[in-house]
Amino acid sequence: MSSPDFVIKNALWRGEAHDLCVADGKVLELRPASGEGYGDAPVVDASGLVLLPALIDVHTHLREPGFEWKEDIATGLSAAAHGGFGSVMCMANTDPVNDNAAVTERMLDRAREAFPGGGPRLFPVGALSVGLAGHELAPMGELAAAGCRAVSNDGMPVANSELFRHAVEYAADFGLTVIDHCEDPHMALGVGVNEGAISSRLGLKGQPTVAESLQVARDVLLAEYLGLPIHIAHVSCRESVELIARAKERGVRVTAETCPHYLLLTEDAVEGYDTAAKVNPPLRTMDHVQVMREALRTGVIDMLATDHAPHAAHEKEVPFTQAPNGISGLDTALCVTMGLVDEGVLSLDDLVRAWATAPAKAFGLPVCAFAPGDPADFTLYDPSASWVVSPQTMHSKGRNTPLLGRTMPGRTAFLYVNGKRVV
Ligand SMILES: NC(=O)N[C@@H](CC(=O)O)C(=O)O
Ligand SMILES: [Zn+2]
């Protein structure tokens, strides 16, 4: 073995103490801890810390340009880093919309400025349609050349199936995958509460699960007909899972994500008109939560994503119907999913697949599998450092989370990206 630049000693990998040797931003070797020295190489003592590949979030809203009072690229990437994320894909619903190379390049410049020594990797998602208006396809070749890895109309679901079909075909020409926010925009568009007992009792118009699953059905049928990939964003309900499961059995090139809040919370969270729990798609019932957990375990749902959707306090402190949709998720995502591992709902292998391996595979992103030559992108999670979610402990500008006041079971102690320490 050539000599390492530094060594992470005694980190827990699959429950056993391991040493990780890093050189030139890459993994040199991961091996069982032996107590041996490594010459002059600096050593970081990681005793008691859990070693994970740096997480990849394929769905965040960083709000810059245009909505910097909610979040900006520096604060969003800082929240990502402290949340254990080494790579982030940011959505196009900025102002101006990310539908051209100038906006994409500006996002990438801002990320470099925020972390001159190297920070989380940023992969912008281009708009699917010009201005997200759903009329005209965005210039996808230009977006791909500028650094976009996918295109999406997230936040503004595409009703026009003809346009959507052409988007999938056009995107494939440039190696871009379409990410679809599945929602029939004519059915209770984005009201942020599930249609059911709670919405009736609160007197709110509800968003039915079928508004989501109708579009999932369209998308899997289109992916099958065209033989091209489509990625389904933030799946929240049983009916969507069943459609995706059957499509995958037929070999359809469909991938899907769900978010920590759909594994953890139910529609009960909006009781008392709590706008912190107003999100699109809405929180569903326990039956759906159980289905989402099972679908993630079996791989029908390939991956997790935060759908980090920060908003300012004053924007959420309004009557429920007027509040914007979204939950701020980067600060808490790893902690709550590690909590699900502690509870036995997910295994650590499920977590690694859902937060790193599967997203990397779907979008062609760098990932660390701890094989020699892999990028040294890794997180060291401290399972003994519990903390309480509060505006003071969050790094995102958006404190809009129904988890405020909850105790998280552990925290990110270190994040390395490309062999450089970020946290
Ligand atoms: N997921 C959300 O609740 N909100 C998203 C947009 C969207 O997908 O609706 C946002 O940009 O705030
Ligand atoms: Zn969305």
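Keep in mind that this is a model prediction, so the values were computed, not measured.

Novice: Hey, could you run me through unusual backbone geometry in this one?
Specialist: Backbone geometry follows two general trends: most residues other than glycine have a negative phi, and most peptide bonds adopt the trans configuration. Each neighbour pair has its own omega, and for glutamate 64 with proline 65 the value is 5°, a cis peptide bond. The omega torsion of the bond from aspartate 95 to proline 96 falls at 0°, within 30 degrees of zero and hence cis. For proline 96, the position within the fold is in the loop between strand 7 (85-90) and helix 2 (101-114). Notably, aspartate 24 is not glycine yet its phi reads approximately 55°, a positive angle. Its location among the elements puts aspartate 24 in the loop between strand 2 (16-23) and strand 3 (26-32). Unusually for a residue other than glycine, asparagine 418 sits at a positive phi of about 55°. With respect to the helices, strands and loops of the structure, asparagine 418 is situated in the loop between strand 17 (411-417) and strand 18 (420-421).

Novice: Looking at this model, I keep getting lost on the nonpolar core. Mind explaining?
Specialist: The tendency in soluble globular proteins is for nonpolar side chains to be buried as a group. Formed by 126 residues in total, the largest nonpolar core has its most connected members in Leu51, Val151 and Ile244. The element best represented in this core is helix 12 (residues 348-363), accounting for 7 residues. Counting the residues that make up this core, at least three belong to each of domain 1 (6-50 + 374-395 + 408-421) and domain 2 (52-363). Excluding residues that lie within four positions of it along the chain, leucine 51 makes contacts with Ala11, Leu12, Trp13, His18, Leu20, Phe378 and Leu380.

Novice: Help me understand the site of ligand 1, please; the structure alone is not making it clear to me.
Specialist: Every one of the 13 residues lining ligand 1 counts as a neighbour, but Gly155, Asn280, Ala309, Asn325 and Gly326 are closest to it. By residue class, the composition of the shell around ligand 1 is 3 nonpolar, 8 polar and 2 charged.

Novice: Explain the sheet that holds strand 8 (residues 121-127) to me, please; I cannot follow it from the model alone.
Specialist: Think of a sheet as strands paired side by side through backbone hydrogen bonds, with each pair either parallel or antiparallel. With parallel pairing, 8 strands are arranged side by side in an open sheet as 6-7-8-9-10-11-12-13. The outermost strands of the open sheet, each flanked by one partner alone, are strand 6 (55-60) and strand 13 (303-304). Where strand 11 (residues 230-232) meets strand 12 (residues 254-258), 3 bridges bridge the pair, whose relative direction is parallel. Bridging from a neighbouring strand, histidine 231 pairs with threonine 255 of strand 12. Lying on the sheet, helix 4 (residues 161-173) is in contact with strand 9 (150-152), strand 10 (177-180) and strand 11; it crosses strand 10 at an angle near 145°.

Novice: What am I meant to see in the domain arrangement of the chain here?
Specialist: For interface size, the figure often reported is the accessible area lost on association. Looking at the chain, the domain boundaries give domain 1 (6-50 + 374-395 + 408-421) and domain 2 (52-363). Taking only C-alpha atoms, the centre of domain 1 and the centre of domain 2 are 28 Å apart. Among the elements of the structure, strand 14 (378-382) and strand 17 are those that each provide at least two residues to the side of domain 1 that touches domain 2. Among the elements that line the side of domain 1 that touches domain 2, the one with the most residues is strand 17, at 4 residues.

Novice: Sorry, what's going on with the pairing of strand 1 (residues 6-13) here?
Specialist: Successive residues of a regular strand alternate their side chains across the two faces of the sheet. A large share of strand 1 lies buried, amounting to 6 of its 8 residues. As defined by bridge partners, strand 1 adjoins strand 2 across 6 bridges and the pair is classed as antiparallel. Opposite alanine 11, over in strand 2, you have histidine 18 as the bridge partner. The turn joining strand 1 and strand 2, which pair antiparallel and follow one another in sequence, is formed by 2 residues; a positive phi near 50° is taken by arginine 14. Pairing of strand 1 with strand 4 (residues 43-45), which is carried by 3 bridges, proceeds in the parallel orientation. Looking at strand 4, one finds that isoleucine 8 is bridged to valine 44.

Novice: Got a minute to help me understand the UniProt feature "binding site: substrate" (unreviewed entry) in the chain in this structure?
Specialist: Annotation from UniProt places "binding site: substrate" (unreviewed entry) at His61, Leu62, Arg63, Asn93, Asn280 and His311. Turning to its location among the elements, histidine 61 is positioned in the loop between strand 6 and helix 1 (73-82). If sequence neighbours within four positions are ignored, histidine 61 has contacts with Cys90, Met91, Asn93, His308, Ala309 and Pro310. Residues within four places of leucine 62 in sequence aside, it is in contact with Glu71, Ile73, Gly76 and Cys90.

Novice: Would you explain the UniProt feature "binding site: Zn(2+) 2" (unreviewed entry) in the chain in this entry?
Specialist: The feature "binding site: Zn(2+) 2" (unreviewed entry), as given by UniProt, occupies Asp154, His181 and His234 in the numbering adopted here. In terms of the greatest pairwise C-alpha distance, the residues named above, spread along 81 residues, form a tight cluster of at most 10.2 Å across. Relative to the helices and strands, histidine 181 resides in the loop between strand 10 and helix 5 (197-202). Excluding residues that lie within four positions of it along the chain, histidine 181 makes contacts with Ser152, Asn153, Asp154, Gly155, Pro157 and Ala233. Relative to the helices and strands, histidine 234 resides in the loop between strand 11 and helix 7 (238-249). With 25 C-beta atoms packed within 10 Å, histidine 234 lands in the buried category.

Novice: Any chance you could explain the environment of proline 53 here in plain terms?
Specialist: Inspection of the secondary structure assignment puts proline 53 in strand 5 (residues 50-53). Taking the C-alpha atoms as reference points, proline 53 and aspartate 377, separated by 324 residues in sequence, lie 6.1 Å from one another. If sequence neighbours within four positions are ignored, proline 53 has contacts with Val352, Ala356, Val367, Cys368, Ala369, Asp377 and Phe378.

The rules behind each value
- Residues numbered from 1 in each chain as written.
- Chains lettered and ligands numbered in written order.
- Predicted model: local features only at pLDDT ≥ 70, side-chain atom pairs only at ≥ 80, totals over all residues.
- Helix = DSSP H or I, 4+ residues; strand = E, 2+ residues; numbered from the N terminus.
- Core = buried A, V, L, I, M, F, W, Y, C linked by C-beta atoms within 7 Å.
- Buried ≥ 20, exposed ≤ 12 C-beta atoms within 10 Å, placed from the backbone.
- Domains from an automatic or database assignment.
- Contact = placed C-beta atoms within 7 Å.
- Near = placed C-beta within 6 Å.
- Nonpolar A, V, L, I, M, F, W, Y, C, P; charged D, E, K, R; others polar.
- Pairing = 2+ DSSP bridges.
- Axes fitted to C-alpha atoms, helices over the stretch in contact; angles between N-to-C directions.
- UniProt positions renumbered as here; feature names shortened; annotations may be inferred.

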